[in-house]
Amino acid sequence: MQAITVTDQAAGIEGLTLTDRPYPHAAENDVIVRVHAAGFTPGELDWPTSWTDRAGRDRTPSIPGHELSGVVAELGYGTTGLTVGQRVFGLADWARDGSLAEYTAVEARNLAPLAADIDHTVAAALPISGLTAWQGLFVHGGLTTGQTVMIHGAAGGVGSIAVQLAREVGAQVIGTGRAADRDLVLGLGAQAFVDLDAEPLSGEVDVVLDVIGGSVLERSATLVRPGGTLVTIAAPPTVQPKDGRAVFFVVEPDRAQLADLAQRVRDGRLKPLVGAVRPLAETADAFARRNRTAGKTIIQVTA
């Protein structure tokens, strides 16, 4: 099969190569998915798990990418809940070969069924962004109706979904980003927008959801009301809100949450922002993000 592989961490994006790789093995409770569309995180080549397994052993050549949508091609021993030929989408394990390949092995519990009326390119934009937004807002942030949330990077993959989820539960939403993002973020349902390059961060909110880190994360601590939560996926916070909490987390697979997100897409309540759709051979260029585009870039692996 064809896959994107990396062997040299120092080479970075330049080391992404389209190669022939052996068909994957389905371990116990795995499924082999014929990948139709895949998503990636631009910074994932900096993650230790892109290069080593959970025991710290080198696992190169490794296949990056962790979001996928496709069709079950094979079931491993003991696998239940899914069938060969079924459409699925989900999140590949961080420390195993990923989704930028024609076939990949995934634990069945990390996948959810995908209805026929959701395009694979849309489904591939959901797992990391959708689960991160859900878990950040509701699991770690405890956001509820009537509260106010500030969502940094509100035009991005995570932020755009978070805005829609927060509005649906009846929260007041303040989105942040670049000036060019204002109309998009307000169109998603945010009641207010802050240009991070030109406007100060001020006011009080119950929850901050941060995907940027750095000075934006540090300045956000003063915005959190007593009893509120600063949630970030960028880095463990070095600041704490007064009389509040600061939480750093890494997104986790969750079949029930994936199914809920997919149902919202079917109902028209959630619209993931899909940007460019590129073929597998153009993955390295897609990683480079030379031109900033709205929405998540998706790799179409199989037509």
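Right above here is the structure, for reference.
### A short note on the layout of surface pockets
- In this structure, the largest pocket encloses a volume near 1600 Å³.
- As for the largest pocket, its lining consists of 44 residues, of which T41, P42, G156, G157 and R289 are closest to the centre.
- Contributing elements (two or more residues each) for the lining of the largest pocket: α2 (127-140), α3 (157-168), β14 (274-279), α7 (283-288) and β15 (296-300).
- A volume near 160 Å³ is recorded for the second largest pocket.
- M1, R21, P22, Y23, P24, I63, R96, D97, G98, Y103, T104 and A105 together form the lining of the second largest pocket.
- Taken together, the residues that form the lining of the second largest pocket break down as 7 nonpolar, 2 polar and 3 charged.

### Describing the side chain of S99
- Along the chain, the position of S99 falls in the loop between β5 (87-91) and β6 (103-107).
- Classification of S99 as buried rests on a relative accessible area of 0%.

### Structural notes on unusual backbone geometry
- Cis geometry is adopted by the peptide bond preceding P61, which originates at T60 and carries an omega value of 0°.
- Position of P61 among the secondary structure elements: in the loop between β3 (30-39) and β4 (67-75).
- Not every positive phi belongs to a glycine, and N29 is a case in point at roughly 70°.
- Relative accessible area serves as the criterion here: at 39%, N29 is assigned to the partly exposed category.

### Describing the nonpolar core
- In this structure, F89, L137, V149, I151 and A166 are the most contacted members of the largest nonpolar core, which totals 40 residues.
- Elements that contribute at least two residues to this core include exactly β5, α2, β8 (148-151), α3, α4 (182-188), β11 (205-210) and α6 (255-267).
- When residues in this core are grouped by element, the largest group, 6 residues, is from α3.
- Those residues within four positions of V149 in sequence are excluded, and the remaining contacts are L137, L143, A166, A171, Q172, V173, I174 and V207.
- Of all hydrophobic cores here, the second largest spans 27 residues; its members include V6, F40, V106 and F287.

### Some remarks on the sheet that holds strand β12 (residues 224-232)
- Pairing is parallel across the open sheet formed by 6 strands, whose spatial order is β10-β9-β8-β11-β12-β13. Edge positions in the open sheet fall to β10 (192-195) and β13 (245-248), since each of these has one partner strand only. Between one strand axis and the next, the sheet turns through 15° on average, direction left out of account.
- Alignment of strand β9 (residues 172-177) against β10, held across 4 bridges, turns out to be parallel.

### Things to note about the packing of aromatic side chains
- Summed over all chains, the structure comprises 4 aromatic pairs.
- Measuring from ring centre to ring centre gives 4.2 Å for F40 and F287, while their planes differ by 15°; the resulting arrangement is stacked. One end of the pair, F40, is in the loop between β3 and β4; the other, F287, is in helix α7, and 247 residues separate them in sequence. The pair F40 / F287 is uniform in exposure class, with both members buried.
- Ring geometry for W134 and F138: centres 5.5 Å apart, planes at 80°, overall edge-to-face. Separated by 4 residues within a single helix, W134 and F138 lie in helix α2, roughly one turn from each other.

### Things to note about the pattern of salt bridges
- Inspection of every chain in the model, using the stated rule, returns 16 salt bridges.
- Across the salt bridge formed by R264 and E168, the nearest N and O atoms sit 2.6 Å from each other. Of this pair, R264 sits in helix α6 while E168 sits in helix α3, and the two are 96 residues apart along the sequence.

### Structural notes on the packing of α2 against α3
- Relative orientation of the contacting elements α2 and α3 amounts to 50°, with a least axis distance of 8 Å. With respect to α3, the axis of α2 lies oblique. In this structure, α2 crosses over α3, and the sense of that crossing is right-handed. Contact with α2, carried on its side by S129, G130, T132, A133, W134, L137 and F138, involves G157, V158, I161, A162, L165 and A166 of α3 and no other residues of that element.
- For the contact of α2 with α3, the residue count by class is 9 nonpolar, 4 polar and no charged.

### A word on the environment of P237
- The topology assignment puts P237 in the loop between β12 and β13.
- Relative accessible area serves as the criterion here: at 22%, P237 is assigned to the partly exposed category.
- When the C-alpha atoms of P237 and A27 are compared, they prove to be 37 Å apart, with 210 residues separating the residues in sequence.

Conventions used here
- Residues numbered from 1 in each chain as written.
- Predicted model: local features only at pLDDT ≥ 70, side-chain atom pairs only at ≥ 80, totals over all residues.
- Heavy atoms only, no water.
- 1 Å grid on protein atoms, 1.4 Å probe; cavity = no way out; pocket = protein on both sides within 12 Å on 5 of 7 lines; lining within 4 Å.
- Points joined across faces, edges and corners; volume = space filled by probe spheres on them.
- Helix = DSSP H or I, 4+ residues; strand = E, 2+ residues; numbered from the N terminus.
- Nonpolar A, V, L, I, M, F, W, Y, C, P; charged D, E, K, R; others polar.
- Buried < 20%, exposed > 50% of the residue type's maximum accessible area, 1.4 Å probe, protein only.
- Core = buried A, V, L, I, M, F, W, Y, C linked by side-chain atoms within 4.5 Å.
- Contact = heavy atoms within 4.5 Å.
- Pairing = 2+ DSSP bridges.
- Axes fitted to C-alpha atoms, helices over the stretch in contact; angles between N-to-C directions.
- Phe/Tyr/Trp six-rings, centres within 6.5 Å; stacked < 30°, edge-to-face > 60°.
- Salt bridge = Lys/Arg side-chain N within 4 Å of Asp/Glu carboxyl O.
- Parallel < 35°, antiparallel > 145°, perpendicular 65-115°, else oblique.
- Left-handed = near helix turned anticlockwise from the far one by under 90°.

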